[in-house]
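Results of the structural survey
As a plain string of letters, each chain reads:
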Amino acid sequence: MCKFTKEDVLKMAKEQNVKFIRLQFTDIFGIMKNVAIPVSQLEKALDGEMMFDGSSVEGFVRIEESDMYLQPDPNTFITFPWRSGIDGDVGRLICDVYDSTEGKPFAGCPRSVLRSLVDKAVQKGYTLNAGPEAEFFLFLTDSEGRPTTITHDKAGYFDLSPVDLGEGARRDMVTTLQKMGYEIEASHHEVAPGQHEIDFQYSDALDIADKIVTFKLVVRSIAQRHGLHATFMPKPIQGINGSGMHINLSLFKNGGNTFYDPQKENGLSDVAVNFVGGLLKHGKAITAITNPTVNSYKRLVPGYEAPVNMAWSFRNRSPLIRIPGKRGSSTRTELRSPDPSFNPYLSLAAILAAGLDGVENQIDPPAPVDRNIYDMTEESLEELQIDQLPETLEKAINHLEEDELIKNALGEHVCEKFIEAKKIEWKNYMSAVHQWELDEYLTKF
Ligand SMILES: Nc1ncnc2c1ncn2[C@@H]1O[C@H](COP(=O)(O)OP(=O)(O)OP(=O)(O)O)[C@@H](O)[C@H]1O
Ligand SMILES: N[C@@H](CCC(=O)O)C(=O)O
Ligand SMILES: [Mg+2]
Ligand SMILES: [Mg+2]
């Protein structure tokens, strides 16, 4: 879908008095990188002539093959409202990374991995739509500006607290995002103290992945201006809810939602049910991508509205997949495992591959479970054949290594680098001495 041409971008930059452009891309861990160029270099950049050293980006290439190019996507041009000043505005373009020797998208560029899967789905007539529910914490900073884990409030779900730092910051985030073209559907205080949620309208997978990485930058930048630290760490505090990023999903064909079937009693089409079948079949491997940190697995424990089991449900919030009640064009499946430490490009690529496997091979999921899984005994879980999500990063990585479909979807380069890095992360974690061990053993032995 072409929204802007190169000429449109040059014109908009001039009209909006843009003086600097940030060329952005993400590494395979979803960390945003950027290089700023003066507007005089914009035309050259739009022609894909901006080179950078790929060997300095984690998970990219070795020093011998380090020259890479940035190919900006004109559709992603926007200005940062919080950076406008008397010396002109700052604009940004999200880029695909190109290989200098082959002149093709680089196999380690997550955006190109997703784009290629999205293109293949479009050839089959399908567009994956995704809508995220972004949760995060706002923490106070200390006298030297360093983040603490002290929350700015004691409020809970949907609370209206007296105007405090957090509420002001959240309002500022919403208005900034609106200026940047986000259609904000809701924003509210979440269950845990200091925890917030901002929901924006669903869109096609590539656009929504771009929006998620930009969203995190906006939230963190605005929080900082309010003297707060915003974190997308999945479980910053033990004993209270963690932060998820549920992803609502549907497949559209010829402009209509293939997940809706008014002939069925529950309004859910066979395509939707098989999509769920695919997500459940590959769910364990996908978890390595959607929950990619050691800390991710501290969130996936019973009792905090985060999923623990490989099941689906029409109402309950304890299983991996929930089918929200809305029908018609809003018919969707909600995948509840993803957390905001994920790389949204790779996560949506893995989700799309799994869902389409389900649709194409008509994979039927087991019967939905409408009971609170947290309260079920081991025996009932076994009887209903309800499996568990991986309990640690190590286990999830092992499942990814065994899932050929997901590995093929992500490509050899991404998988190899991702798995290698995550094994090191796990090893470092396992060999570190944690505060818990000191509290438990220092005086006992
Ligand atoms: N057809 C669709 N396909 C994909 N996403 C959709 C579709 N229709 C709506 N959405 C998106 O689903 C998300 C809904 O978020 P919302 O917070 O309302 O969901 P919820 O799961 O009911 O809430 P919660 O889990 O917080 O109780 C929004 O991003 C919305 O745009
Ligand atoms: N914070 C919860 C989700 C709460 C909700 O349903 O919105 C999680 O970790 O997934
Ligand atoms: Mg929520
Ligand atoms: Mg939700």
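- If you look the protein chain up in an unreviewed UniProt entry, it shows as Glutamine synthetase from Natranaerobius thermophilus.
- Regarding the protein chain, the UniProt comment filed under Catalytic activity (unreviewed entry) reads as follows: "L-glutamate + NH4(+) + ATP = L-glutamine + ADP + phosphate + H(+)".
- A UniProt comment under Sequence similarities (unreviewed entry) is attached to the protein chain, and it reads "Belongs to the glutamine synthetase family."

**Structural notes on the UniProt feature "binding site: Mg(2+) 1" (unreviewed entry) in the protein chain**
- In this numbering, the UniProt entry assigns the feature "binding site: Mg(2+) 1" (unreviewed entry) to Glu133, Glu190, Glu197, His246 and Glu334.
- When you line up the elements, His246 lands in strand 13 (residues 245–253).
- According to the relative accessible area criterion, His246 is buried, its value standing at 7%.
- Sequence-distant contacts of His246, that is, excluding residues within four places in its chain, are made with Gly131, Pro132, Glu133, Arg299, Glu334, Leu335, Arg336 and Pro338.
- A distance of 2.9 Å separates a polar atom in the side chain of His246 from a polar atom in the side chain of Glu334.
- Along the chain, Glu334 falls in strand 17 (residues 333–335).

**Comments concerning the site of ligand 1**
- Taken together, 23 residues lie near ligand 1, and Phe200, Ser250, Arg317, Arg322 and Glu334 sit nearest.
- At 3.0 Å, a side-chain N or O of Glu133 approaches an oxygen atom of ligand 1.
- Considered class by class, the residues forming the shell around ligand 1 number four nonpolar, 10 polar and nine charged.

**A short note on the site of ligand 2**
- Taken together, 13 residues lie near ligand 2, and Glu135, Gly242, His246, Arg299 and Arg336 sit nearest.
- Glu135 places a side-chain nitrogen or oxygen 2.7 Å from a nitrogen atom of ligand 2.
- Bound to the protein, ligand 2 loses 95% of the 300 Å² it would expose on its own.
- In the shell around ligand 2, the residues fall into two nonpolar, four polar and seven charged.

Criteria and cut-off values
- All residue numbers refer to position in the chain's written sequence, counted from 1.
- Here the convention is simple: chains get letters from A, ligands get numbers from 1, in the order in which they are written.
- Local features in a predicted model are, by the rule used here, given only for residues with pLDDT of at least 70; side-chain atom pairs are given and counted only at 80 or more, and totals for whole chains, interfaces and linings are based on all residues.
- Based on all heavy atoms of the structure, the side-chain values leave hydrogens and waters out of the count.
- UniProt positions are given in the numbering used here, feature names are shortened, and annotations may be inferred rather than shown by experiment.
- Runs of E in the DSSP output that reach at least two residues are strands. Runs of H or I that reach at least four are helices, and both are numbered from the N terminus.
- Working definition: with a 1.4 Å probe on protein chains only, accessible area under 20% of the residue-type maximum means buried, over 50% means exposed, and in between means partly exposed.
- In what follows, residue pairs with any heavy atoms lying within 4.5 Å of each other are defined as contacts.
- Counted as a polar contact is a pair of N or O atoms within 3.5 Å, where, for protein atoms, one must be capable of donating a hydrogen and the other of accepting one, and residues adjacent in sequence contribute only when both atoms are in side chains.
- A molecule or strand has a residue near it when one of that residue's heavy atoms lies within 4 Å.
- Side-chain classes are defined by residue name, with Ala, Val, Leu, Ile, Met, Phe, Trp, Tyr, Cys and Pro counting as nonpolar, Asp, Glu, Lys and Arg as charged, and the others, Gly among them, as polar.
- All accessibility values rest on the Shrake-Rupley procedure with a 1.4 Å probe; residue burial counts only the protein chains present in the view.

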